[in-house]
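# Close look at the chain arrangement
Listed below, chain by chain, are the residues.
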Amino acid sequence: MSDVLMPQMGESIAEGTIVRWMKGVGDTVDKDEPLFEISTDKVDAEIPSPDAGVITEIRVLEGETVPVHTVVATISGSTAGTGTSGPAVVPPAAVSTGIAAPPVPPVGRERPVASESVFLSPVVKKMVAAHGLDLTGITGSGAAGRITKRDVDTYLAGPAKVVPAATPAAVRPALYQPGDDVRVEKMSVMRRKIADHMLTSLRTSAHIYSTYEIDFGRVADLRKAHKARYEADGANLTYTAFIAQAVAATLRECPYANASVDGDQIVFRNEINLGIAVALEQGLIVPVIRNADRKALKDLCVSISDLAQRARNKQLKVEDVEGGTFTITNPGIFGGIWGLPIISQPQVAILAVGSIDKRAVVIDDEVVVRPMAYFTLGYDHRLVDGADGGRFLQALKRRLEDYDETQL
Amino acid sequence: MDYVDAHELQKRLVEERRAGVIGDTLLLVEHPPVITLGARNRIAVSHIIASDEQLAALGVTVHETGRGGDVTYHGPGQLVGYPILDLRPDRCDVHAYVRDLEQGLIVALAAFGIEGVRVPGLSGVWVGETGREEKIAAIGVRISRWITSHGFALNVTTNLDHFRLIVPCGIADREVTSLERVTGRPVAMVDVENAVIAAMRNVFA
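Residues numbered from 1 in each chain as written. Chains lettered and ligands numbered in written order. Predicted model: local features only at pLDDT ≥ 70, side-chain atom pairs only at ≥ 80, totals over all residues. Heavy atoms only, no water.

## Overview of the overall build of chain B
Secondary structure assignment for chain B yields six helices and nine strands. The buried share of chain B, reckoned over its 205 residues, is 57%. The long-range fraction of contacts in chain B, counting pairs at least 24 apart against all pairs at least 6 apart in sequence, stands at 75%. Of the roughly 8,600 Å² of accessible surface on chain B, 50% is carried by carbon and sulfur atoms. (Helix = DSSP H or I, 4+ residues; strand = E, 2+ residues; numbered from the N terminus. Buried < 20%, exposed > 50% of the residue type's maximum accessible area, 1.4 Å probe, protein only. Contact = heavy atoms within 4.5 Å. Areas by Shrake-Rupley, 256 points an atom, 1.4 Å probe, with all protein chains shown as cover.)

Below you can see the structure in the form of structure tokens.
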């Protein structure tokens, strides 16, 4: 059993990130065969296996960063002592305790390790020289463990992969046949990312929804009264700005909706960074208004139109789309009266704003016409219960229906 | 030279260098317009700003590579260098290697009266006033059992507008520049090639 360590690839290097494993648990690996790739600063490096054997454990997964000299994997049945002179017989790979590795593939016979004293045919010598091979990693199948041309070919072809048993899901009828009346197009990078992100979220969060109906009469009146004044200052006073302001203030009251789940811990985020989904011709993007609760309504108006415009012109910078803690999406733009959005990970809640339409409602036993909208909160039941979701929407409803004019 | 062809050639040269068939080698090429993604390309794809349609209209293709670093752009007027070196036995330090590449480029730029500098934390070679340096050369390296591949890209007369298609190297708040823009006069590619060859020979010999 030997440990594979995160190598120190330079004096000033303290840690490394594993970007790819070329082998998995149960795979056999030869000494000096590429085992994993690491990334540090501007350099990616392929790391060879320090030993031959079977991988019994991988401790550091792809994407994880660990300090140098950390054990990243263990290899059993190693041919320790490569410096020995005579042919050494490799002990049968020990069954390591407590680690569920697939059984070691049978080697068939004793596996002598070639050393320089072993006879090599001229063709094998030539191959070894041409490929710069280390003989200790090659199993000899010839007489007395002699390495044959076929052994070298097998070695160069790489170890046989363990083919997983086909799962039912893998057997799927073709979606179309040649000649069918279809058009097939490669997904754009953005399309692929959205697809990944949405499925990941559905697998991650326990989505539930609550819908409240909100009377926009007061906000509509205030918007009408102040629109011209805002416009004179270069700000477009929109319903979205009112909603963003009310949501930010409500999140300050309801920290559980401005949080993330990290294993069995809850991460409450003090910053309120509102993502506002913007539909593009193809796909969508969610620019973020940072510290939205600290911005005046006018600043929110300016931020929202700036971000939306830059999103459509593809001029957003990376920091414009990072760090969101809650998302507002607006199916109402396209006439949707409500929607059931998917949470943007690692957030725990998302608000879908339905269209604001004049509807007949009953107020004080009178049927009156009011501008109304359905607001649907999608939230992660792992963290937020129905009562909390209701409290959030109730508080939001109150803020909008009784909008405090001094905030204008 | 087409990016994919150059990639294949590099792979072959790495194997030949490993087998000792060739010595340390520097490939110098120019590519048709292409955006390449580093090995961490799950992050890097978000740093492509342009749509697929825009890229297609400009004739820019996108490739995933095995080098370090984020997203970058290559195109005509940019000198791309791929050193295929065996760093064993006495140069086994990936950071020192990157600093050496930067040093070679800084020396080459000096031949054109340009002061190239390093910006701590940001690999590559930069020019301009402190705090607002612009990137003139990008670096992204792959090391496979201490044999190097990929390398650097030095903007000579590059169409800098094409960098607006991406967030270069994932660094959003920095501009890119070129030898031509900094000197304010046309520069012959062959002169730059000679300066880079001389400087790299000096650093790595």
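## Brief notes about the packing of aromatic side chains
Aromatic rings in a pair are described by how distant their centres are and how their planes are angled relative to each other. Applying the stated criterion across every chain yields a total of seven aromatic pairs over all chains. Both rings, one in Y73 of chain B and one in F163 of chain B, keep their centres 5.3 Å apart while their planes meet at 75 degrees; by these two values the pair is edge-to-face. Taken together, the positions of Y73 of chain B in strand 4 (residues 71-74) and F163 of chain B in the loop between strand 9 (147-155) and helix 5 (179-183) put the pair 90 residues apart, joining distant regions of the chain. Three or more aromatic residues joined by ring pairs make a cluster, and in this case those are F216, Y239 and F375 of chain A. For the cation-ring pair, R223 of chain A lies above Y239 of chain A, with the distance from its terminal atom to the ring centre recorded as 4.6 Å. In this structure, K298 of chain A packs its charged tip against the face of Y230 of chain A, placed 5.1 Å from the ring centre. (Phe/Tyr/Trp six-rings, centres within 6.5 Å; stacked < 30°, edge-to-face > 60°. Lys NZ or Arg CZ within 6 Å of the ring centre and 35° of its normal.)

## Some details on the confidence of the model for chain A
On average, residues of chain A score 81 in pLDDT, and 77% of them reach the 70 mark or higher. Counting contacts from residues 160-169 of chain A, a segment whose pLDDT is below 50, to residues more than four positions away or on other chains yields two contacts. (pLDDT = per-residue confidence, 0-100.)

## Considering the interface of chain B and chain A
Many descriptions give the size of an interface as the accessible area lost when the pieces come together. Chain B puts 37 residues into the contact, and the matching count from chain A is 32 residues. In total, about 2,700 Å² of surface goes out of reach between chain B and chain A, with carbon and sulfur atoms giving 51% of it. Joining chain B to chain A, the criterion identifies three salt bridges. Put simply, E46 of chain A and R145 of chain B hold a salt bridge, and the shortest N to O gap is 4.0 Å. Seen at the junction of chain B and chain A, the total is eight residue pairs in polar contact (both at pLDDT 80 or more). Residue assignment for the side of chain B that touches chain A shows that the elements contributing at least two residues are helix 3 (52-58), helix 4 (94-110) and strand 8 (134-144) of chain B. (Buried area = accessible area lost by both parts, 1.4 Å probe. Salt bridge = Lys/Arg side-chain N within 4 Å of Asp/Glu carboxyl O. Polar contact = N/O pair within 3.5 Å; in protein donor to acceptor, adjacent residues only side chain to side chain.)

## Here's the deal with the sheet that holds strand 3 (residues 61-64) of chain B
Residue and element names in this part refer to chain B. Pairing is mixed in the open sheet, where three strands are placed in the order 3-2-4. Taken across any chain shown, the strands that pair with only one partner, and hence form the sheet edges, are strand 3 and strand 4. Here the strands of the sheet are splayed against their neighbours by 25 degrees on average, with no regard to which way each runs. (Pairing = 2+ DSSP bridges. Axes fitted to C-alpha atoms, helices over the stretch in contact; angles between N-to-C directions.)

## Side note on helix 4 of chain B
Residues and elements named next belong to chain B. When the terminal C-alpha atoms of helix 4 are compared, their 25 Å separation across 17 residues agrees well with the 24 Å that a helix rising 1.5 Å per residue should span. All of the buried residues in helix 4 are V94, H95, Y97, V98, L101, E102, G104, L105, I106, A108 and L109. If you check the start of helix 4, you find a side-chain oxygen 3.1 Å away from the backbone N of H95, and it comes from D93. (Expected span 1.5 Å × (residues − 1).)

## What to know about the confidence of the model for chain B
Residues and elements named next belong to chain B. Chain-level pLDDT for chain B is 87 on average; 93% of the residues reach the 70-or-more range. Least confident of the elements in chain B is helix 2 (residues 41-44), whose mean pLDDT is 54; most confident is strand 5 (residues 78-84), at 96. Model confidence for the complex is summarised by a pTM of 0.47, with the ipTM given as 0.72.

## Here's the deal with the pairing of strand 8 of chain B
Counting buried positions along strand 8 of chain B yields ten of eleven residues, so the element is predominantly enclosed. Here strand 5 (residues 43-48) of chain A runs beside strand 8 of chain B; their pairing, made up of four bridges, is parallel. When the bridges of strand 8 of chain B are listed, A45 of chain A appears paired with I143 of chain B. When strand 7 (residues 122-127) of chain B meets strand 8 of chain B, the two strands line up antiparallel, connected through three bridges. For V127 of chain B, the partnering residue across the bridge sits in strand 8 of chain B and is E134 of chain B.

## Here's the deal with the pattern of salt bridges
Counted by the stated rule, this structure contains 27 salt bridges over all chains. Between E213 of chain A and R359 of chain A there is a salt bridge whose closest N-O contact spans 3.3 Å. Of this pair, E213 of chain A sits in strand 9 (residues 207-215) while R359 of chain A sits in strand 18 (residues 357-363), and the two are 146 residues apart along the sequence. Taking the shortest distance from any N to any O, the salt bridge between K397 of chain A and E401 of chain A comes out at 3.0 Å. Here E401 of chain A and K397 of chain A lie together in helix 7 (residues 386-401), a separation of four residues that amounts to about one turn. Look at K397 of chain A and you get partly exposed, because its relative accessible area is 24%. Put simply, R20, E37 and E46 of chain A together with R142 and R145 of chain B are held in one network by salt bridges that share partners.

## Some remarks on the nonpolar core
The biggest cluster of nonpolar side chains holds 54 residues, and the ones touching the most others in it are F36 and V72 of chain A together with I143, L154, L179 and V192 of chain B. Not counting chain neighbours up to four residues away, the residues in contact with L154 of chain B comprise G77, Q78, L79, L105, L109, I136, A137, L179, V192 and V196 of chain B. With 52 residues, the next largest nonpolar core counts A241, L351, A373 and L408 of chain A among its residues. (Core = buried A, V, L, I, M, F, W, Y, C linked by side-chain atoms within 4.5 Å.)

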